[in-house]
There are 2 protein chains.
Amino acid sequence: AGCPKVVPVEIAKRAEEEHAKGNPFKIGMFTGASTGDSIDGSLARANAVKFRTPYQTNKDMRNAINAVQHEPVQYFDMHLSQVAQEIRYGFLGGVDVAIVEACEITDSGEIVPTSGVGIMPTICRLAKIVIVELNDKVPAKMRGVHDLYELQDPPKRRQINIFEVQGRVGLEYVKVDPSKIYVVRTSKENEGSGFAPVDEITEKIGENVSNFFVSELKKGHIPPTFLPIQSGVGNIANAVLASMAQNKDIPRFEVYTEVIQDAVLDMMQKGHISFASGCSLTLSNEAMERFYRDLDFFKNKLVLRPSEISNNPG
Amino acid sequence: AGCPKVVPVEIAKRAEEEHAKGNPFKIGMFTGASTGDSIDGSLARANAVKFRTPYQTNKDMRNAINAVQHEPVQYFDMHLSQVAQEIRYGFLGGVDVAIVEACEITDSGEIVPTSGVGIMPTICRLAKIVIVELNDKVPAKMRGVHDLYELQDPPKRRQINIFEVQGRVGLEYVKVDPSKIYVVRTSKENEGSGFAPVDEITEKIGENVSNFFVSELKKGHIPPTFLPIQSGVGNIANAVLASMAQNKDIPRFEVYTEVIQDAVLDMMQKGHISFASGCSLTLSNEAMERFYRDLDFFKNKLVLRPSEISNNPG
């Protein structure tokens, strides 16, 4: 979600053309986390990737890493919260080109992301060239959803001044020198990844977790106002949240999460979740459309942050 | 280090007397970390322990946990940084009696610890009775070495305002209601645990680590002023620090550590370590005597903190 969808496909085509002429053509690629098929799929199938970090979920990229057909992609599995810092340190080499998706860009170089943030502030600042896919399928009034801020580096890093889910420490845009920005206009749909529906097993897991919370509430181990939840990603996390929504003994609560999934949106609409923060909206296409349609409703119920904040282990 | 040495032995004797009469007698025991034989050894041999957390290194206690002779001690292996918070939450039941070692105690209830802190601020505040072993083998001018502060509990905990090794956020004593303090005067020696001397293998490990640091310095990955080190505990940590001291390409540095070991003292005296913070001095008796003898020298080179700070994973 929030990934560029046009430029990577063109790079993949270019790679195939060059390879057909017998020329070498490969890029190194850092992302915030996993991406869509336009990035990992296209570039892996074109044998166009030299190096990949920190995380991916694409079958063709997995095969490329495991060298099923070609020379292997060098892959390093890094903690998502560390990528921006490793790039700032220079441990991964320089950043030549940042490719990002935006819903708005101003003449002064303010870039407003779409549904994902990841490592965007860091790569935009450090890159020599910033290619912005300006996607008109994403409403420009997404502006205001993001909280964009780069951490200081150790050893004398200060605290992240976020003590509540709705806390804000940064800007609603990434600002870079306009002279290094190149804009590509697109109308590409979200590359949504649907999750499997709740089944008998995940429903039971959800029920067990909800019942545990309720019993801890009754014992007084959890305060009556409840606690912020940190949910994981995937079908089980979705099922757990769904079960919590159905449980009348669990009060409305807040969520710190890595990515905001379909179930979180449902629970906001039903009044069970009051606020959520994450580094991206990882939604099915259906949920993404619903989100954009009701943006006024959702806008003051969530914030999207860089992954070095959303995924910070501190 | 810094553990009480008299009262636990008396409790063990009492347990044996009661057991001889056929009466049940067992205590539950929370500590900051491992203790000396006066605590874990005596009480384990007397079959006087019902419950033990978070960590121990005593052979008799290990046997008691493994139920070699008696009904097993219920043992829970907890992250040292979490003990104080779990006690505050009430998850471990109430605290009836805190037994601590001190080098000074005032009429107003200021208790100055000796060479260990651990969970002392929390247990002294919560206990109904505080038994203080006032040990005259420890100079009262230890006062000023400690930085005593209890963390707030989640979910709205604020940051720990320590951004440099020598940072201070708390008091130099634990203050409790004087009416709940009972003083036992002692002259017991430190129960030092010597470490094995550096041998061929640990020396080589130390050399490899030092050479790695030097190569990272030369590459510019580590700034020329170096970085604070976090050392582990035990023979290898001692050997690594010793090797770093001998390496002329490693500048003077600072140490955040769990416990301050012999090698750190040596390196302070030789000028290789400028400052260290930890939750206890875990020294051989020889080094402990040296420390007390040169307290004026060491006093402005180290600080002892509660383990929820020294061992905080954040």
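Thresholds, definitions, all that
- Residues take numbers from 1 onward in each chain, read along the sequence in its written order.
- Going through the entries in the order they are written, you letter the chains from A and number the ligands from 1.
- The predicted origin of the model limits local features to residues at a pLDDT of at least 70 and limits the giving and counting of side-chain atom pairs to 80 or more, whereas totals for whole chains, interfaces and linings rest on all residues.
- In computing side-chain properties, one takes all heavy atoms of the structure into account and sets aside hydrogens as well as water.
- By this definition, two strands are paired if DSSP reports at least two bridges between them.
- For helices the rule is a DSSP run of H or I covering at least 4 residues; for strands it is a run of E covering at least 2, with both sets numbered from the N terminus onward.
- Lines fitted to C-alpha atoms define the axes, with helix axes restricted to the stretch in contact, and inter-axis angles between N-to-C directions lie between 0 and 180 degrees.
- Here, residues are in contact when the closest pair of their heavy atoms is within 4.5 Å.
- Once two parts are joined, some of their accessible surface, as seen by a 1.4 Å probe, is lost; buried area is that loss totalled over both.
- We define a salt bridge as a contact between a side-chain nitrogen of Lys or Arg and a carboxyl oxygen of Asp or Glu at a distance within 4 Å.
- Pairs of N or O atoms within 3.5 Å make up the polar contacts considered here, provided that, within protein, one atom can donate a hydrogen while the other can accept it, and that residues adjacent in sequence are counted only when both atoms are side-chain atoms.
- In superposing the copies, a least-squares fit is computed on C-alpha atoms, taking residues whose pLDDT is at least 70 in both.
- Remark: exposure states derive from per-residue accessible area (1.4 Å probe, protein chains only) relative to the maximum for the residue type, with buried under 20%, exposed over 50%, and partly exposed in between.
- Residues belong to a common nonpolar core when they are buried Ala, Val, Leu, Ile, Met, Phe, Trp, Tyr or Cys residues joined through side-chain atoms within 4.5 Å.
- Where each domain begins and ends is defined by an automated method or by a domain database.
- Neither His nor the chain termini are counted; the positive set is Lys and Arg, and the negative set is Asp and Glu.
- A helix is expected to span 1.5 Å for every residue after the first.
- When we speak of the arc, we mean the arc of directions from the helix axis to the C-beta atoms.
- Throughout, the term roughly parallel applies to angles under 35 degrees, roughly antiparallel to angles over 145, roughly perpendicular to angles from 65 to 115, and oblique to all others.
- A clockwise turn of the near helix away from the far one marks a right-handed crossing, whereas an anticlockwise turn of less than a right angle marks a left-handed crossing.
- When residue character is reported, Ala, Val, Leu, Ile, Met, Phe, Trp, Tyr, Cys and Pro are called nonpolar, Asp, Glu, Lys and Arg charged, and the others, Gly included, polar.

K.L.:
Help me understand the sheet that holds strand 9 (residues 229–231) of chain B in this model?
P.N.:
For sheets, the rule is that strands pair by backbone hydrogen bonds, running either parallel or antiparallel. Residue and element names in this part refer to chain B. One open sheet holds the 4 strands; their spatial order is 9-10-12-14, and the pairing between them is parallel. Sheet topology places strand 9 and strand 14 (302–304) at the edges, where each strand pairs with a single neighbour. Strand after strand, the sheet turns through a mean of 20 degrees between neighbouring axes, direction not considered. Of the strands in this sheet, strand 10 (253–257), strand 12 (273–278) and strand 14 are in contact with helix 8 (residues 262–269), which crosses strand 12 at around 150 degrees.

K.L.:
So what exactly am I meant to see when it comes to the interface of chain B and chain A here?
P.N.:
Quite often, the size of an interface is put as the accessible area lost when its parts meet. Contacts between the two partners involve 12 residues from chain B, matched on the other side by 12 residues from chain A. Of the roughly 1200 Å² buried between chain B and chain A, counting both surfaces, carbon and sulfur atoms make up 66%. Looking only at chain B, the three residues that lose the most surface to chain A are B:Pro155, B:Gln159 and B:Phe163, adding up to 40% of its buried area. The tally of links from chain B across to chain A stands at 0 salt bridges. Inspection of the region where chain B meets chain A yields 0 residue pairs in polar contact (both at pLDDT 80 or more).

K.L.:
What should I look at first to understand the relation of the copies chain B and chain A in this one?
P.N.:
Taken as rigid bodies, chain B and chain A are interconverted by a rotation of 180 degrees and an axial shift of 0.0 Å, the fit giving an RMSD of 0.0 Å. On this basis, the relationship between the two copies can be described by a two-fold rotation axis. Closest to the rotation axis within chain B is the C-alpha of B:Gly314, separated from it by 1.9 Å. With an isologous cut-off of 70% or more, the 100% of interface residues of chain B that recur at the interface of chain A puts this contact in the isologous class.

K.L.:
Got a minute to help me understand the pattern of salt bridges in this structure?
P.N.:
A side chain with one charge may pair with a side chain of the opposite charge, provided their charged atoms come close. Going through the model one piece at a time under the given rule, you end up with 44 salt bridges over all chains. In this structure, B:Glu101 engages B:Lys5 in a salt bridge whose closest nitrogen and oxygen atoms are separated by 2.6 Å. With B:Glu101 in strand 4 (residues 97–105) and B:Lys5 in the segment before helix 1 (7–20), this pair connects stretches of sequence that are 96 residues apart. Each member of the pair, B:Glu101 together with B:Lys5, is buried. Its salt-bridge partner being B:Glu104, residue B:Arg143 comes within 3.2 Å of it at the nearest N-O pair. Here B:Arg143, found in the loop between strand 6 (129–135) and strand 7 (174–175), pairs with B:Glu104, found in strand 4; they are 39 residues apart in sequence, far enough to count as distant. Sharing partners across several salt bridges, the network here consists of A:Arg88, A:Arg125, A:Glu150, A:Asp153 and A:Glu308.

K.L.:
Looking at this structure, how should I read the nonpolar core?
P.N.:
Soluble globular proteins tend to pack their nonpolar side chains together in the buried interior. Grouped together as the largest cluster of nonpolar side chains are 61 residues, with contacts concentrated most on B:Ile111, B:Val130, B:Met142, B:Phe226, B:Met244, B:Phe253 and B:Phe291. Among the elements that line this core, the one with the most residues is helix 8 of chain B, at 5 residues. Both domains that furnish three or more residues to this core are identified here as domain 1 (7–186) and domain 2 (200–310) of chain B. Among the nonpolar cores identified, the runner-up in size contains 60 residues, and A:Ile229, A:Val240, A:Leu265 and A:Leu283 belong to it.

K.L.:
Help me out: how do you make sense of helix 8 of chain B in this one?
P.N.:
Because the α-helix completes a turn every 3.6 residues, residues three or four places apart line up on one side. Residue and element names in this part refer to chain B. Counting buried residues along helix 8, 6 of its 8 residues qualify, which places the element largely inside the surrounding structure. Within helix 8, burial applies to Asp262, Ala263, Val264, Leu265, Met267 and Met268. Gly271 occupies a position one or two residues after helix 8 and carries a positive phi of about 90 degrees.

K.L.:
How should I be thinking about the pairing of strand 6 of chain B in this particular structure?
P.N.:
Residues and elements named next belong to chain B. Strand 6 sits mainly inside the fold: 6 of its 7 residues count as buried. Two elements, strand 4 and strand 6, share 6 bridges in a ladder whose sense is parallel. The partner of Ala98 across the bridge, within strand 6, is Val130. One ladder, built from 6 bridges, connects strand 6 with strand 8 (residues 181–186); its direction is parallel. Residue pairing in the sheet places Glu133 in a bridge with Val184 of strand 8.

K.L.:
I tried to follow the side chain of A:Asp262 on my own but got confused; where do I start?
P.N.:
Relative to the helices and strands, A:Asp262 is located in helix 8 (residues 262–269). Buried within the structure, A:Asp262 lacks any salt-bridge partner; its nearest side chain of opposite charge belongs to A:Arg290, at an N-O separation of 5.4 Å.

K.L.:
I would appreciate a short explanation of helix 6 (residues 200–219) of chain B in the present structure.
P.N.:
All names here are of chain B. Between its first and last C-alpha, helix 6 extends 29 Å over 20 residues, near the 28 Å set by a 1.5 Å rise per residue. Of the positions making up helix 6, those classed as buried are Thr202, Gly206, Ser210, Phe213, Val214, Glu216 and Leu217. Viewed end-on, helix 6 has its buried residues packed into an arc of 165 degrees, placing them on one side of the element. Set apart from the buried face of helix 6 by more than 90 degrees, the exposed residues are Glu200, Ile201, Lys218 and Lys219.

K.L.:
Help me out: how do you make sense of the packing of helix 8 of chain B against helix 9 (residues 285–293) of chain B in this one?
P.N.:
A pair of packed helices can be characterised by two numbers: the angle between their axes and the separation between those axes. All names here are of chain B. Viewed as axis vectors pointing N to C, helix 8 and helix 9 meet at an angle of 40 degrees, and their least axial separation amounts to 10 Å. In terms of orientation, helix 8 lies oblique with respect to helix 9. Remark: the crossing between helix 8 and helix 9 carries left-handed chirality. In this structure, helix 8 contributes Asp262, Leu265, Asp266 and Gln269 to the contact, and helix 9 contributes Ala287, Arg290 and Phe291. When grouped by side-chain class, the residues that make up the contact of helix 8 with helix 9 number 3 nonpolar, 1 polar and 3 charged.

K.L.:
Please clarify how the domain arrangement of chain A should be interpreted in this entry.
P.N.:
According to the domain assignment, chain A consists of domain 1 (1–78) and domain 2 (200–310). In this structure, domain 1 of chain A and domain 2 of chain A have C-alpha centres spaced 33 Å apart.

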